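Residues per chain, in single letters:
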Amino acid sequence: MLERDLELSRTGQAVQYRQERWFTKLPPVLTFELSRFEYNQSLGQPEKIHNKLEFSEIIYMDRYLYRNKELIRKKRRDVKKLNRHIDYLHQKLERYLKYGSGPNRCPLPDMLRYVLEFAHTKSATRSHAVGLTQNAETPADDSTSPDSQPQENGPLTNGHSEHLAINESHLPVLERESSSIQCFDELFMESIEVPAPHSASKEELRSVELCLQRWRAEVEQDIEDLKVSIANLTAVIDDIYNEPELMQVPYRLHAVLVHEGQANVGHY
């Protein structure tokens, strides 16, 4: 192998370097040893690394050969640019999927759909509820009815008898009031008013509907275009090394040794 110090940037007197390793000659059998534990400085103890790692059935080592270093460096720069662009598209997509300036954000297409549903909601339930309120008014006292006859009070031995007579004369009124309240309660619970515009002309509703439908279609198209762009760029990155000149040295997977255990035991 060869090691090269690659100068990345120079700021004042400080120079940043990155070390590169290139193969000049490859062995007949290539063995990878993976460290699956690390020392946690904050906890002061070793711990397992559970990140998933996949091996392809065939890997091509051309991209690690010294003779291809200039081509590989160019492709690595291209991959970095593509990844930066993908990050930018993800951030842009996030603006659509988590729209709003407050803590509770939601997808913009859903928000436009909710406003459109509100505009379509009729305010008939509001007038219906008002009608119920008017019908549920307290009935007039029976004492004002033409059919009602004044009652003669008998001799009173104490105040309790007069109080009892008054209560008995009001019983029919109280029963009707209770029945009316119960009827209103049941109707109110069955038809809870849905939020709706208080007043809007047909022209206003039509204008709002056209705008919301057009905006929603535009937003959904923007989201779909962003997703397609991200998928296309990701596919370019996945295939960037799949060129004939970089597929000359294949290694086929022969075996994988998996052992179990914790960070301190089980690896013998």
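Treat the numbers as computed from the prediction; the structure is a model and nothing was measured.

**Q** Any chance you could break down the pairing of strand β4 (residues 45–48) for me, citing the residues and the numbers?
**A** Here is the key point about a regular strand: its side chains alternate between the two faces of the sheet. As defined by bridge partners, strand β3 (residues 37–40) adjoins β4 across four bridges and the pair is classed as antiparallel. When the bridges of β4 are listed, N40 appears paired with Q45. Joining the antiparallel neighbours β3 and β4 is a turn of four residues, in which G44 adopts a positive phi near 70 degrees.

**Q** Could you give an account of the UniProt feature "coiled-coil region" (unreviewed entry) in the protein chain, naming the residues involved and the relevant values?
**A** In the numbering used here, UniProt assigns the feature "coiled-coil region" (unreviewed entry) to residues 216–243. Secondary structure within residues 216–243 divides into 82% helix and 0% strand; the distance between the first and last C-alpha atoms comes to 42 Å.

**Q** An account of helix α1 (residues 69–97) is needed here, citing residue identities and associated values.
**A** Helix length check: α1 (29 residues) gives 41 Å between terminal C-alpha atoms against 42 Å at 1.5 Å per residue, within 8%. Every buried residue of α1 is listed here: K69, I72, R73, K75, V79, L82, I86, L89, L93 and Y96.

**Q** Quick one: what's the story with the pattern of salt bridges, residue by residue and with numbers?
**A** Evaluated as defined, the whole model comprises twelve salt bridges. Residue D78 pairs with K74 through a salt bridge whose shortest N-O separation is 3.1 Å. In this pair, D78 and K74 both sit in helix α1, four residues apart, roughly one turn of the helix. Judged by relative accessible area, D78 falls into the partly exposed class, the value being 24%.

**Q** Go over the packing of helix α2 (residues 108–120) against helix α5 (residues 202–238) with me, naming the residues and quoting the values.
**A** Look at α2 against α5: their axes get within 9 Å of each other, and the N-to-C directions meet at 165 degrees. Classified by the angle their axes make, α2 and α5 are roughly antiparallel. Pair α2 / α5 crosses with left-handed handedness. Taken together, the residues of α5 that come into contact with α2 (itself represented by L108, P109, L112, R113, V115, L116, A119 and H120) are L205, V208, E209, L212, Q213, W215, R216, V219, E220 and I223. Per-class residue counts for the contact of α2 with α5 are twelve nonpolar, two polar and four charged.

**Q** I'd like a rundown of α5, residues and numbers included.
**A** With 37 residues, α5 should cover 54 Å at 1.5 Å per step; its first-to-last C-alpha distance of 54 Å lies within 8% of that length. Listing the buried residues of α5 in full gives E209, L212, V219, I223, L226, I230, L233 and I237. For α5, the secondary structure elements touched by its buried residues are α1 and α2.

The rules we used
- Residues numbered from 1 in each chain as written.
- Predicted model: local features only at pLDDT ≥ 70, side-chain atom pairs only at ≥ 80, totals over all residues.
- Heavy atoms only, no water.
- Pairing = 2+ DSSP bridges.
- Helix = DSSP H or I, 4+ residues; strand = E, 2+ residues; numbered from the N terminus.
- UniProt positions renumbered as here; feature names shortened; annotations may be inferred.
- Expected span 1.5 Å × (residues − 1).
- Buried < 20%, exposed > 50% of the residue type's maximum accessible area, 1.4 Å probe, protein only.
- Salt bridge = Lys/Arg side-chain N within 4 Å of Asp/Glu carboxyl O.
- Axes fitted to C-alpha atoms, helices over the stretch in contact; angles between N-to-C directions.
- Parallel < 35°, antiparallel > 145°, perpendicular 65-115°, else oblique.
- Left-handed = near helix turned anticlockwise from the far one by under 90°.
- Contact = heavy atoms within 4.5 Å.
- Nonpolar A, V, L, I, M, F, W, Y, C, P; charged D, E, K, R; others polar.

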